[in-house]
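# Coordinate inspection notes
Letter by letter, the chains look like this.
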Amino acid sequence: MTDQILDIVEELGEKIREVSIAEFFEKNRHLLGYENPTKSLLTVVKELVDNSLDACFEARILPDIKVQVKPLSKTRFKVKVDDNGPGLPPKKIPIAFGKFLVGSKFYRLRQSIGTQGIGAKGAILYAQLTTGKPAKIISYYKNEKHVFELMIDVLKNEPHILSHKIEKIDKNKHGLSIEIIVEGRYVEGQQSIPTYLKYIAIANPYAKIVFDGPNGKVVFERKTKKLPPLPKEIKPHPYGVELGKLKRMLKMSKAKNLLSFLSSEFSRVSRNTALKICKLAKVDCNKKPNQVSHEEAEKLHKAMQMVKLLSPPTNCLSPLNEQMLIDSLKNEFPKAEFITAIIRKPTVYRGYPFQVQVALAYGEELGMEKALLLRFANHTPLLYNMRECAITKAAQEVNWRNYGLSQSEGSLPNSPLIILVDFISVWIPYTSEGKEAIANYPEIVKEIKLALQDAGRKLATFVRKKKRMKERILRKQIFERYIPEVAKSLSKLIKKSESLIYRSLEKIVKEKLEGWDIGDENVEIEERRSD
C-alpha cells in the first residue's frame, strides 16, 4: 500500500463520525412529512393533536382540544394546541419534547395513535429549523403552572432549556399546551387542516375540537360521552418475533431457565407449550436464557413458528362500536340516505393483532360523482400517499358493481358514496416515518376487502330497493299521464260518463301503486357486527 493510499485511508477515517437521530431528521425532514409548506403546516397540527388525543384517552378524560393557527406573515404561522389531558411532570417535559426516540409507547404492545417517539419532537425541530424560534410548552401540575421554552440540540439529540418559569395557581387545573412558530402555507380543501380535524372528529366522536384558524372559528362538537375501552398491554407473540429480537430477549432475560423464559415473556405460551418448543428445537429447557448459543437460538426460533399457538389476545385493541361510526357519519354527512357500519373480528399479521372497522354512507344528494375514501389508522386520518396504502388497494379491488354501483376497472366506484376504513392495531406498518400510508401486507388487504364486502352487501339491498321503487314511480307517473286520454276514449266506447271513468282509473292506480312514492323516504340506517 503506497503512502498516498495510506494518506487517503487516514483522511477518510478522520471524517467518520456519529450522527444523532435529530441531525438525521433535520437533514431528512421529508421522512416525517415536512416536504412542502402546505403539508408541513398540516403535519405540525396533526402531530400535536394526535399527541393530545392519546394523552386524554389514556387518562380516561373526554378530550377538549383547542387548535389555533394564526398567520404572523404570509409564510409564518403561530400554531398552538391546548388540551385538558393529564399533563406531564415538569421534570419529564424536556426529554418528552426535546429528545427523539424517547416516549412511553414504543415498547408497548397496545393500540395507540403515537408509538415512535418522534411526532411532537419533529414539529418542534421543524419550527426551529424554519424560523429559529423555540417551542413554548405549558404543563399544569400539582397546583402549579410550568412554562418551558426549549429547543433541540441537534448534534446531541438532547433538549436545550432556554427558560423554565413556575406560577402558582388556585385551582387544580390539568392539561398541556404547546405553541410553536413555523413556516407554512394555509389552504382549505381535501388535504387541509380543517379537513383533517373534521375527519378526526368522525373517528373520535367522544372528542370536542375547537379550531381557530385564519378564516374564523369552527367547532366540532362531542357526539358521545362514552369512551371506547382502554386497551391492555400484551406480551409479544412467538409468531411475530424475529430471530434478532429473540436473541436480544434471551440475553436480557432474568428468567432462571428457558422453560420459564418462554412461558413468562410470550403471550399464548403455556408451560406445556414451552416444553414442546424446547423438545422440537432439541435445546435443554433448563438452560439459562443468556447462555443460549446462536445455533440454539435459531433452532428455538424455528420451533416457535412450527408449534400451533392460539392467536394473541385482542383486548389490546380499542375499536369504536357500530353506532358511534354511524352517528359520526350521519352528523358530518346529513344528506346521506343510507349508512351502514361493520366491525370485523380481530385477526393477526406477523403475530400482531389488528382489527378493521368500516362504514359506508350513500346518497345522491351528497353531490359526489366519485366515491370518497376516508382512511384511518388507529382512529387518526391518513390524508397523503393514498396510492401506496393498503386501504386504497383493498377498496379498489372490491367489485362494487356487484352492489349496484358503477365502477371502472381498478378504481373506486363512480357513485355518491363515502367509504370509511379504520385499521387499528398494536403496531401499524406505516410505509414511512411520516405515517401517511399502510404497507400492503396480504393479510391486511384481505381483511379490509372482507369488511368492505360485508358492508357492500348491506348497501346493495338498499340500492336495488331504491332502483325498483324509482321504476315503480316512473310507471305510476306514466299511468297518471295517460288517464285523461284513456278515460275520454273509454267514455266514447262504452257510452258512460268521462268523469266517472276518470275517477275509477285514478282509484285503480292509487290502490295498485300505493306506497311506491319514496319522496319522503328517511335515512335508512343499517348496523351489524360481522360474523
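For clarity, every value in this text was computed on a predicted model and none was experimentally measured.

Another aspect to go through is unusual backbone geometry. Residue Asn157 is not a glycine yet carries a positive backbone phi of 55°. Tracing the chain through its elements places Asn157 in the loop between strand E4 (144-153) and strand E5 (158-168). Its identity is not glycine, yet Lys282 carries a phi of approximately 60°, on the positive side.

Next up on the list: the domain arrangement of the protein chain. Interface size is commonly expressed as the accessible surface area that is lost when the partners come together. We note that the domain assignment places domain 1 (21-220), domain 2 (238-306), domain 3 (322-458) and domain 4 (463-515) within the protein chain. Here domain 1 and domain 2 have C-alpha centroids that lie 41 Å from each other.

Here the focus is the sheet that holds strand E3 (residues 135-141). The pairing of strands in a sheet happens through backbone hydrogen bonds and is either parallel or antiparallel. Spatially, E5-E4-E3-E6-E2-E1-E7-E8 is the arrangement adopted by the 8 strands of the open sheet, whose pairing is mixed. This sheet does not close on itself; its edge strands, each paired only once, are E5 and strand E8 (216-220). When the angles between neighbouring strand axes are averaged without regard to direction, this sheet yields 15°. Direction of pairing for strand E1 (residues 64-71) relative to strand E7 (residues 208-213): parallel, over a ladder of 5 bridges. What sits directly across from Lys66, in E7, is Val210. Where helix H3 (residues 37-58) meets the sheet, it contacts E1, strand E2 (76-83) and strand E6 (175-183), and its direction lies at approximately 10° from that of E2. The strands touched by helix H6 (residues 193-203) within the sheet are E1, E7 and E8, with E7 carrying the most contacts at an inclination of about 175°.

Turning next to the environment of Ile339. Looking at the element boundaries, Ile339 is found in strand E9 (residues 338-343). A residue is classified by how much of its surface remains accessible, and Ile339, at 0% relative accessible area, is buried. Ile339 sits 78 residues away from Leu417 along the chain, and the two C-alpha atoms are 9.8 Å apart.

Another aspect to go through is the state of the cysteines. Scanning the entire structure with this criterion turns up 0 disulfides. With no disulfide of its own, Cys278 has Cys285 as its nearest cysteine by sulfur position, at a separation of 5.3 Å. For Cys278, a relative accessible area of 3% corresponds to the buried category.

Most often, soluble globular proteins keep nonpolar side chains buried together rather than apart. If you look at the biggest cluster of nonpolar residues, it comprises 73 residues, and the most contacted ones within it are Val67, Val69, Ile137 and Ile180. Leave out the neighbours within four places in its chain, and Ile137 touches Ile93, Phe97, Ile124, His146, Val147, Phe148, Leu150, Leu176, Ser177 and Ile178.

Here we come to H3. With 22 residues, H3 should reach 32 Å at 1.5 Å per residue; the first-to-last C-alpha distance of 32 Å fits that figure. Within H3, 18 of the 22 residues are buried, which leaves the element mostly enclosed by the surrounding structure. With a side-chain oxygen lying 3.2 Å from the backbone nitrogen of Thr38, the N-terminal cap of H3 falls on Asn36. One or two residues past the end of H3 sits Arg60, with phi positive at roughly 60°.

Reading guide: rules and limits
- Residues numbered from 1 in each chain as written.
- Predicted model: local features only at pLDDT ≥ 70, side-chain atom pairs only at ≥ 80, totals over all residues.
- Heavy atoms only, no water.
- Helix = DSSP H or I, 4+ residues; strand = E, 2+ residues; numbered from the N terminus.
- Domains from an automatic or database assignment.
- Pairing = 2+ DSSP bridges.
- Axes fitted to C-alpha atoms, helices over the stretch in contact; angles between N-to-C directions.
- Contact = heavy atoms within 4.5 Å.
- Buried < 20%, exposed > 50% of the residue type's maximum accessible area, 1.4 Å probe, protein only.
- Disulfide = S-S within 2.5 Å.
- Core = buried A, V, L, I, M, F, W, Y, C linked by side-chain atoms within 4.5 Å.
- Expected span 1.5 Å × (residues − 1).
- Polar contact = N/O pair within 3.5 Å; in protein donor to acceptor, adjacent residues only side chain to side chain.

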